[in-house]
Amino acid sequence: MQLLRRGDVGSDVAEIRSTLTRLGLLPPADPQAPPVFDQQVEHAVRAFQQQRGLIIDGIVGPATYRSLRDATFRLGDRPLAFLMSQPTTGDDVLALQERMLELGYDAGRANGVFGQQTEQALKNFQRDYGLIVDGMCGPDTVRALRQLQPKVRGGRPQLLREQEQLRGAGSRLSGKRIVIDPGHGGEDRGVVVDGLSEADLMLDLARRLEGKMAATGMEALLTRGPDNCPDENERARFANEAGADLILSLHSDGNSSPNAQGVATFHYGTGNGASSTVGEALAGFIQREVTARTTMSNCGSHPKTWDLLRLTRCTAVRVEVGYLTNAEDRARLSTPGFRDIVAEGILVAVKRLYLLGKDDQPTGTFTFNDLLRYEMAKG
């Protein structure tokens, strides 16, 4: 879709203004005035983006437009069902998933996407409560959901499921399937400065990480090669179809200020409570390990609702390794030895996740050779 920003006019802007007004983020417009994307609209868009875990730029692109559309739906507004070709999304789906989880049914991550796991949870609910078992959330099902008291109040039941699944996976890396996602690719070079491209650097980092993982007995799969650039939906679908345990998306950043520098990690989360707890833990481990080993600036871990984080069934983390627009970060990233250190830090962070705090070592001190010895001893 066409990007909408300050200064734009037309019917698309009128739709955006109307949606923001319905959401209480913008006062009603004068019906006689032309629909303009003015400063007030930009501020409202920024507020919405902050609420929804999106990039806060005041521009309405595909992700912000989808979220605006999703935010207009309330549970009961429309029938909900699983559609394989184009899954239904919206805040009504999110409300359904949260209600299922409260009632003790495993609808998967509450991400606002009506997938197969949500459908199965709904069928189980319908079967248990004597409703027609069709996996469709229509008026009768909505009525039953509203009448019943939840089995779980407070807490986060999906958190417990994620943690139990992680515990059941065991501490050994051998046999675990990891999808590594080097950002961009093909004609999309990402950030490019002084002949260095994000796409090439992240593919090299991904291959280094792949080699280290293979040495531990892990199965590492890359979402792309040098000549293709799947979109985020395709990358998420690849991880889901591969039955991945984790997906690690690798990027570097750019900024209009040459002073911006450092490492940041991102996990699924709306910023208002809903979060992938395991993703949050892994992002934190990666953040600490990479900054400890490289002394790069620590830009922290943050919840986001980007498609790759939202649409994957497994734990997903995105790592932004430095700013190519910063001379110091760029010089480091251009060095193969530095990329090898980053790959080691990411791998050790994954190991820390599965160790669950047992037999651990201080941050930045667990080496690749230590890890190999640990894996062989456990074998």
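Residues numbered from 1 in each chain as written. Predicted model: local features only at pLDDT ≥ 70, side-chain atom pairs only at ≥ 80, totals over all residues. Heavy atoms only, no water.

A closer look at helix 4 (residues 91-102)
Counted at 1.5 Å a residue, the expected span for helix 4 with its 12 residues is 16 Å, and the 16 Å between its end C-alpha atoms agrees. Of the residues making up helix 4, those classed as buried are Asp91, Asp92, Val93, Leu96, Gln97, Arg99, Met100 and Leu101. (Helix = DSSP H or I, 4+ residues; strand = E, 2+ residues; numbered from the N terminus. Expected span 1.5 Å × (residues − 1). Buried < 20%, exposed > 50% of the residue type's maximum accessible area, 1.4 Å probe, protein only.)

Section: unusual backbone geometry
In the Ramachandran plot, His184 falls in the positive-phi region, its phi being about 65° despite a non-glycine side chain. Here His184 lies in the loop between strand 1 (177-182) and strand 2 (192-193). Non-glycine residue Thr295 carries a positive phi angle of around 55°. Relative to the assigned elements, Thr295 resides in the loop between helix 10 (277-294) and strand 7 (298-304). Judged by its relative accessible area of 61%, Thr295 is exposed.

Looking at the nonpolar core
As a rule of thumb, nonpolar side chains are buried together in soluble globular proteins. In this structure, Ile180, Met213, Leu248, Ile286 and Val350 are the most contacted members of the largest nonpolar core, which totals 46 residues. Elements with a contribution of two residues or more to this core: strand 1, helix 8 (198-215), strand 4 (219-222), strand 5 (246-253), helix 10, strand 8 (315-323), helix 13 (336-355) and helix 14 (368-378). Ranked by residues supplied to this core, first place goes to helix 13 with 11 residues. When near neighbours in sequence (up to four residues on either side) are disregarded, Ile286 contacts Leu248, Thr265, Val317, Val319, Ile346 and Ala349. (Core = buried A, V, L, I, M, F, W, Y, C linked by side-chain atoms within 4.5 Å. Contact = heavy atoms within 4.5 Å.)

Considerations on the domain arrangement of the chain
Domain boundaries assigned for the chain yield domain 1 (8-71), domain 2 (80-152) and domain 3 (172-378). For domain 1 versus domain 2, the distance between C-alpha centres works out to 29 Å. (Domains from an automatic or database assignment.)

Comments concerning the pairing of strand 8
For strand 8, a buried count of 9 out of 9 residues is recorded, marking the element as mostly surrounded by other parts of the structure. As defined by bridge partners, strand 6 (residues 263-268) adjoins strand 8 across 5 bridges and the pair is classed as antiparallel. Opposite Val263, over in strand 8, you have Val321 as the bridge partner. (Pairing = 2+ DSSP bridges.)

Let's talk about the confidence of the model for the chain
Per-residue confidence for the chain averages 91 on the pLDDT scale, and 94% of its residues sit at or above 70. Across the chain, the element-wise mean pLDDT spans from 72 in helix 7 (residues 157-169) up to 98 in strand 1. (pLDDT = per-residue confidence, 0-100.)

Describing the packing of aromatic side chains
Overall, the coordinates contain 3 aromatic pairs when judged by the stated rule. A ring pair is formed by Tyr105 and Phe125, whose centres lie 5.8 Å apart and whose planes are at 90°; its orientation type is edge-to-face. Taken together, the positions of Tyr105 in the loop between helix 4 and helix 5 (116-128) and Phe125 in helix 5 put the pair 20 residues apart, joining distant regions of the chain. You can call Tyr105 buried: its relative accessible area is 8%. Their ring planes at 45° and their centres at 4.8 Å tell us that Phe266 and Trp306 sit as a pair that is tilted. You can see Phe266 sitting in strand 6 and its partner Trp306 sitting in the loop between strand 7 and helix 11 (307-311), a full 40 residues away along the chain. There is no split in this pair, since Phe266 and Trp306 are both buried. The ring of Phe73 is capped by Arg78, whose NZ or CZ atom sits 3.5 Å from the centre of that ring. Over the ring of Phe368 we find Lys212; its NZ or CZ atom is 4.6 Å from the centre of that ring. (Phe/Tyr/Trp six-rings, centres within 6.5 Å; stacked < 30°, edge-to-face > 60°. Lys NZ or Arg CZ within 6 Å of the ring centre and 35° of its normal.)

Considering the pattern of salt bridges
Opposite charge on two side chains lets them pair, provided their charged atoms get close. Taken as a whole, this structure holds 27 salt bridges when the rule is applied. Among the ionic pairs, Arg66 bridges to Asp70, the shortest N-O distance being 3.4 Å. Residue Arg66 and its partner Asp70 are located together in helix 3 (residues 62-70), separated by 4 residues, close to a single helical turn. Arg66 sits in the buried class, given a relative accessible area of 14%. Its salt-bridge partner being Arg208, residue Asp340 comes within 3.7 Å of it at the nearest N-O pair. On the criterion of sequence distance, the pair formed by Asp340 in helix 13 and Arg208 in helix 8 is long-range, its members being 132 residues apart. Among the residues examined, Asp340 registers a relative accessible area of 29% and is labelled partly exposed. (Salt bridge = Lys/Arg side-chain N within 4 Å of Asp/Glu carboxyl O.)

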